[in-house]
Amino acid sequence: MGAGWSEEELYDALNVALIVGGSTVIPHLRHAVETIDRACLSTACPSLNSDSFRKGRTVMSNTDTTAELFKLAMAAEEAAEDLYLGLKAKFAHQPDVADFWREYAKEEVGHACWLESVRDKSSPEQLSAPADPSMLNDARKFLRRSPQHALEEIANLEDAYQLANELENSEINVVFEFIITNFSSDESAGSFLRSQLRDHIARLVTDFPARFTSAASRQAVKALD
Ligand SMILES: [Fe+2]
């Protein structure tokens, strides 16, 4: 990370601050943790914060081209990242759960990177061609929902789990799969990315911390404000 500190060293320092400062420092720590996470995730995919990525997300708006579909799909992955980072902050008091949400946030960054890479390998003719109207519609519908608003309604871990399930089974992953299938440079790359996506969705069930596999156990864990 920047400033010569590793992520692990920064978390160690924050843990010391918590021990010394007690509960009054928790809001400050949560802010610090979110900032570190953003920095780490951006490092994992440096181009996400680059000018070219931002431009890619803003050019050709209000059009119905394939470039617009890529832009919307990448914005949706960023919204999913925001949502999972928000869940991580809301369950910071349950470290295994917080780690689980953090891993999901990191994977959403990966999805945006994949889309960016597929877009960059597409020809100008492909990108300026009309996009599938139903895919555009699904992506726009997904983006109308604010991650912040969704997070405000999370009262306990069951709410969070259901929200993640809803997201992972929403149209936005259909859009992602459509793009990967239709625009990957070769079939093996496309099938690899599709299998990665399915694995990502399946792990919500298979890898969720074992002590919270029942709805009742999740309902008992209150979210932080
Ligand atoms: Fe995703």
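The rules behind these values
Residues numbered from 1 in each chain as written. Predicted model: local features only at pLDDT ≥ 70, side-chain atom pairs only at ≥ 80, totals over all residues. Helix = DSSP H or I, 4+ residues; strand = E, 2+ residues; numbered from the N terminus. Buried ≥ 20, exposed ≤ 12 C-beta atoms within 10 Å, placed from the backbone. Contact = placed C-beta atoms within 7 Å. pLDDT = per-residue confidence, 0-100. Core = buried A, V, L, I, M, F, W, Y, C linked by C-beta atoms within 7 Å. Arc of directions from axis to C-beta. Axes fitted to C-alpha atoms, helices over the stretch in contact; angles between N-to-C directions. Left-handed = near helix turned anticlockwise from the far one by under 90°. Nonpolar A, V, L, I, M, F, W, Y, C, P; charged D, E, K, R; others polar. Parallel < 35°, antiparallel > 145°, perpendicular 65-115°, else oblique. Expected span 1.5 Å × (residues − 1).

The secondary structure content of the protein chain amounts to 12 helices and zero strands. Secondary structure elements of the protein chain occur, N-terminal to C-terminal, as α-α-α-α-α-α-α-α-α-α-α-α. Sorting the 225 residues of the protein chain into buried and exposed places 28% on the buried side. Excluding contacts between residues fewer than 6 apart, the proportion of contacts in the protein chain whose partners are at least 24 apart in sequence is 77%.

Before going further, it helps to spend a moment on the confidence of the model for the protein chain. For the protein chain, the mean per-residue pLDDT works out to 83, and 72% of the residues sit at or above 70. Mean pLDDT in the protein chain bottoms out at helix H3 (residues 51–58), which sits at 43, and peaks at helix H12 (residues 215–219), which reaches 98. Confidence over residues 51–61 falls short of pLDDT 50; this stretch has 15 contacts with residues more than four positions distant or in other chains.

Nonpolar side chains tend toward joint burial in soluble globular proteins. In this structure, Leu69, Ala73, Ala139 and Ile179 are the most contacted members of the largest nonpolar core, which totals 44 residues. Contributions of two or more residues to this core are made by helix H4 (66–90), helix H5 (95–121), helix H7 (133–143), helix H9 (157–168) and helix H10 (171–183). In terms of residues, this core owes the most to one element, H4, which gives 13 residues. Leave out the neighbours within four places in its chain, and alanine 139 touches Leu69, Leu72, Ala73, Ala76, Ile172 and Val175.

Along H7, the residues that are buried comprise Met135, Leu136, Asp138, Ala139 and Phe142. Within H7, the buried residues cover an arc of 165° as seen down the axis, which keeps them to one side. Set apart from the buried face of H7 by more than 90 degrees, the exposed residues are Pro133 and Ser134. Buried residues along H7 sit against H4 and H10.

What follows deals with the packing of H5 against H10. Where H5 meets H10, the axes come as close as 10 Å, and the angle between the chain directions of the two elements is 35°. Once H5 is placed against H10, the crossing between them reads as left-handed. Between H5 and H10, the contacting residues are His111, Leu115 and Val118 on the first element and Phe176, Ile179, Ile180 and Phe183 on the second. Residues of the contact of H5 with H10, tallied by class, amount to six nonpolar, one polar and no charged.

Once that is clear, we can look at the environment of arginine 140. In this structure, arginine 140 sits in helix H7. Note: C-alpha distance between arginine 140 and leucine 69 (71 residues apart in sequence) is 9.1 Å.

So, about the packing of H4 against H10. It is at 10 Å that the axes of H4 and H10 come closest, and there the two elements cross at 130°. Here H4 lies oblique to H10, going by the angle between them. Once H4 is placed against H10, the crossing between them reads as left-handed. Along the contact surface, H4 presents Leu69, Phe70, Ala73 and Ala76, while H10 presents Ile172, Val175, Phe176 and Ile179.

Right, let's talk about H9 for a bit. End to end, H9 covers 16 Å across 12 residues, agreeing with the expected 16 Å (1.5 Å per residue, within 8%). Where H9 is buried, its residues meet H4, H5, helix H11 (187–206) and H12.

Right, let's get into the environment of phenylalanine 178. Structurally, phenylalanine 178 can be placed in helix H10. Sequence separation between phenylalanine 178 and methionine 135 is 43 residues; the distance between their C-alpha atoms is 8.1 Å. If we skip the residues at most four places from it in the chain, phenylalanine 178 touches Asp132 and Met135.

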